[in-house]
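Architecture at a glance
Here is what each chain is made of, one letter per residue.
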Amino acid sequence: MSSEVVSWASSSGARARMRANRNRDTGPELAVRRAVHALGLRYRVSCRPLPQLRRTADLVFPRLNVAVFVDGCFWHGCPEHYVPSKTNVSYWSDKIRGNRGRDRQTDQLLSGAGWIVIRIWAHENPAEAAERVARVVRDRQALRPPRGGKA
Ligand SMILES: [Zn+2]
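Cut-off values and rules
Residues numbered from 1 in each chain as written. Predicted model: local features only at pLDDT ≥ 70, side-chain atom pairs only at ≥ 80, totals over all residues. Heavy atoms only, no water. Helix = DSSP H or I, 4+ residues; strand = E, 2+ residues; numbered from the N terminus. Buried < 20%, exposed > 50% of the residue type's maximum accessible area, 1.4 Å probe, protein only. Contact = heavy atoms within 4.5 Å. Areas by Shrake-Rupley, 256 points an atom, 1.4 Å probe, with all protein chains shown as cover. Donors = N, O, S within 2.8 Å, 3.2 Å for Na, K, Ca; no water. Tetrahedral: all angles 85-135°; square planar, octahedral: opposite > 155°, others 65-115°. Phe/Tyr/Trp six-rings, centres within 6.5 Å; stacked < 30°, edge-to-face > 60°. Lys NZ or Arg CZ within 6 Å of the ring centre and 35° of its normal. Pairing = 2+ DSSP bridges. Axes fitted to C-alpha atoms, helices over the stretch in contact; angles between N-to-C directions.

**Thoughts on the overall build of the protein chain**
When you go through the protein chain residue by residue, the secondary structure sums to 5 helices and 4 strands. Counting every position in the protein chain, which comprises 151 residues, the buried fraction comes to 34%. Within the protein chain, residue pairs in contact and separated by at least 24 positions form 56% of the contacts whose partners lie at least 6 positions apart. Of the roughly 9,400 Å² of accessible surface on the protein chain, 52% is carried by carbon and sulfur atoms.

**Re the coordination of the zinc ion**
Protein-derived coordination of the zinc ion comes from Cys73 (SG), Cys78 (SG), His81 (ND1) and His123 (ND1), at a distance range of 2.0 to 2.3 Å. One way to put it: the 4 donor atoms around the zinc ion meet at angles of 101 to 122 degrees, and that makes the site tetrahedral. All donors of the zinc ion belong to a single chain; written as a sequence motif, their spacing is C-x4-C-x2-H-x41-H. Residue cysteine 78 is found in the loop between strand S3 (66-71) and helix H4 (89-112), and its partner histidine 123 is found in the loop between strand S4 (116-121) and helix H5 (126-143); the two are separated by 45 residues along the sequence.

**A word on the packing of aromatic side chains**
Tallied over the full model, the rule gives 6 aromatic pairs. Residues tyrosine 91 and tryptophan 92 carry aromatic rings whose centres are separated by 4.9 Å and whose planes lie at 85 degrees to one another, so their mutual orientation is edge-to-face. Classification of tyrosine 91 as partly exposed rests on a relative accessible area of 32%. Since its relative accessible area comes to 8%, tryptophan 92 is described here as buried. Looking at arginine 119, its charged tip hangs above the ring of phenylalanine 69, at a distance of 4.3 Å from the centre.

**A look at the sheet that holds strand S2 (residues 57-61)**
Pairing is mixed in the open sheet, where 4 strands are placed in the order S1-S2-S3-S4. The outermost strands of the open sheet, each flanked by one partner alone, are strand S1 (44-47) and S4. Neighbour-to-neighbour, the strand axes of this sheet turn through a mean angle of 30 degrees, independent of strand direction. The pairing of S3 with S4 spans 6 bridges and is parallel. Looking across to S4, one finds that aspartate 71 is bridged to tryptophan 121. Those strands touched by helix H3 (residues 27-38) are S1, S2, S3 and S4, and its axis lies near 20 degrees from that of S2. Contacts between H5 and the sheet are confined to S2, S3 and S4, with S4 contributing the most and set at about 175 degrees to the helix.

Structure representation (structure tokens):
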């Protein structure tokens, strides 16, 4: 971490923002989780779709192989809301580019392992995003008979 970043983080407001960004329970994630839950779907929270892959998804449907990531507009470089920093320009642009590259790699590794990856921007309407998740999950459920079913 460069000294600029340390000094930037030294105000309590900045520290709180950093914590909020690191925490799993940020507002948009929580809103999406609630909306998906309200549609009657059950999922696991903040876990690795593939144990050997060090990537944590926000919502995971383990049996159906569906992983949902809620991406923060700043950290993941949302095309609508990402505003390049005016200070430490190269530090931040490298960081965001790195995050985006990592996201694409995660998508490829998961889909290569038979998973469906759904990415939701933090700015999206949670109810609409939840509908998107529900459609994918129900399609998958339709393809797989329930475990222990009569079939
Ligand atoms: Zn955005």
